[in-house]
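# Chain and residue survey
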Amino acid sequence: MPGEILFSQDAGIATLALSNPDKLNAVDAGMWRGLRARMSAINTDPDVRCVVLRGAGDKAFAAGGDIEEFLTVRATVDDALHYHEDLVAAALDAVRACPVPTVAMIQGACVGGGLEIAGCCDLRIAGESSRFGAPINKLGFSMYPGEMAGLLGLVGPAVLLEILLEGRILSAREALAKGLLTRVVDDEEVEREALATAQRILKGAPLVARWHKQWVHRLMDGRPLSASEKRAAFDFLATDDYREGLDAFLNKRTPEFKGR
């Protein structure tokens, strides 16, 4: 039975769940297509202020790609290029390009393609018993370069090469120490902490969250800021949210941001 991407939305939080229960949520071709489609829709939805990505159930975020279908979807070089560029990398790019904050809620195995998805999120909240890695060297294939970008940007070449060359499965605590995770909590607290994280994001000004993501990504490319970009960094001065935030602070009340 093929997997699916489950979707729900409530009070500004969109939740996507990777669901393939018979295979520890291993991501098949249809799920990669679904993830890209869902993220593309979310990325243009003004009502979404935070996205939570998770695995269905509590056994796994995603235990990699669906290996059983590889004999058909990657039978030739052209097939493999289509699969990894048009399906996998395109889905990861859609996650990475999300203009609002993304939170990966990780329980259980987060391996291979699952690790790639989590690595494209802004924040990663994991349980103590979760496990991480990409042991594809034992399967005789390499990670497609277009899929490495999120992990490379997250942990750098030394840690990424350690993960790929050794093919070792990391504990949550080791993954945290190596920069793969934002925080680790008790297993029974993962969902609560991920949702609390989303709620903290929602309490801030939504335009500011978008701008913070935009500027972090822009600064990562290494080019100096232009004069027009420096001026654009103060676009917040013309927003209602800026005026609301200052007024709320001065009058010791909770701000009510409208995203404009």
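The structure this text deals with has already been given above.
Quick look at the structure, then.

Each value, and the rule that gives it
- Residues numbered from 1 in each chain as written.
- Predicted model: local features only at pLDDT ≥ 70, side-chain atom pairs only at ≥ 80, totals over all residues.
- Heavy atoms only, no water.
- Axes fitted to C-alpha atoms, helices over the stretch in contact; angles between N-to-C directions.
- Helix = DSSP H or I, 4+ residues; strand = E, 2+ residues; numbered from the N terminus.
- Parallel < 35°, antiparallel > 145°, perpendicular 65-115°, else oblique.
- Left-handed = near helix turned anticlockwise from the far one by under 90°.
- Contact = heavy atoms within 4.5 Å.
- Nonpolar A, V, L, I, M, F, W, Y, C, P; charged D, E, K, R; others polar.
- Core = buried A, V, L, I, M, F, W, Y, C linked by side-chain atoms within 4.5 Å.
- Buried < 20%, exposed > 50% of the residue type's maximum accessible area, 1.4 Å probe, protein only.
- Patch = residues over 30% accessible without salt bridge, like charges linked within 9 Å, V, L, I, M, F, W, Y side chains within 5 Å.
- Areas by Shrake-Rupley, 256 points an atom, 1.4 Å probe, with all protein chains shown as cover.
- Salt bridge = Lys/Arg side-chain N within 4 Å of Asp/Glu carboxyl O.
- Phe/Tyr/Trp six-rings, centres within 6.5 Å; stacked < 30°, edge-to-face > 60°.
- Lys NZ or Arg CZ within 6 Å of the ring centre and 35° of its normal.

### What to know about the packing of helix H3 (residues 77-96) against helix H5 (residues 145-166)
When two helices pack together, you describe them by how their axes are tilted relative to each other and by the distance separating the axes. For the pair H3 and H5, the least separation of the axes is 8 Å and the interaxial angle reads 25°. The orientation of H3 with respect to H5, classified from their angle, is roughly parallel. Handedness of the crossing formed by H3 with H5: left-handed. The segment H3 lies against H5, with His-84, Val-88, Ala-89, Leu-92 and Arg-96 engaging Gly-146, Glu-147, Ala-149 and Gly-150. Here the residues of the contact of H3 with H5 sort into four nonpolar, three polar and two charged.

### A few points about the nonpolar core
Of all hydrophobic cores here, the largest spans 51 residues; its most connected members are Trp-32, Leu-35 and Phe-132. Broken down by element, this core gets its largest block of residues, seven residues, from H3. Those residues in contact with Phe-132 that lie beyond four places of it in its chain are Ile-106, Cys-110, Leu-115, Ala-126, Arg-168, Ile-169, Leu-170, Ser-171, Ala-172, Ala-175 and Leu-181. One finds Cys-50, Val-52, Met-105 and Ile-125 within the second-largest nonpolar core, a separate group that totals 12 residues.

### Focus: a nonpolar patch on the surface
Taken together, Phe-234, Leu-237, Tyr-242 and Leu-246 make up a surface patch of nonpolar side chains, about 370 Å² in accessible area. Tracing the backbone shows Tyr-242 in helix H10 (residues 240-250). Using a relative accessible area of 31% as the deciding quantity, one classes Tyr-242 as partly exposed.

### Overview of the packing of aromatic side chains
Tallied over the full model, the rule gives four aromatic pairs. Between Phe-234 and Phe-236, the aromatic rings sit 5.9 Å apart at their centres with planes inclined by 50°, giving tilted as the arrangement. A relative accessible area of 26% places Phe-236 in the partly exposed class. Pairing Phe-236 with Tyr-242 gives two aromatic rings, centres 5.3 Å apart and planes at 65°, and the pair type is edge-to-face. Here a set of aromatic residues connected by ring pairs shows up, and it is made of Phe-70, Tyr-83 and Phe-141. Cation over ring: Arg-74 sits above Phe-70, and NZ or CZ is 3.8 Å from the ring centre. Directly above the ring of Phe-141 sits Arg-74, whose terminal nitrogen or CZ lies 4.3 Å from the centroid.

It is worth stressing that arrangement in space is one thing and function is another; only the former is reported here.
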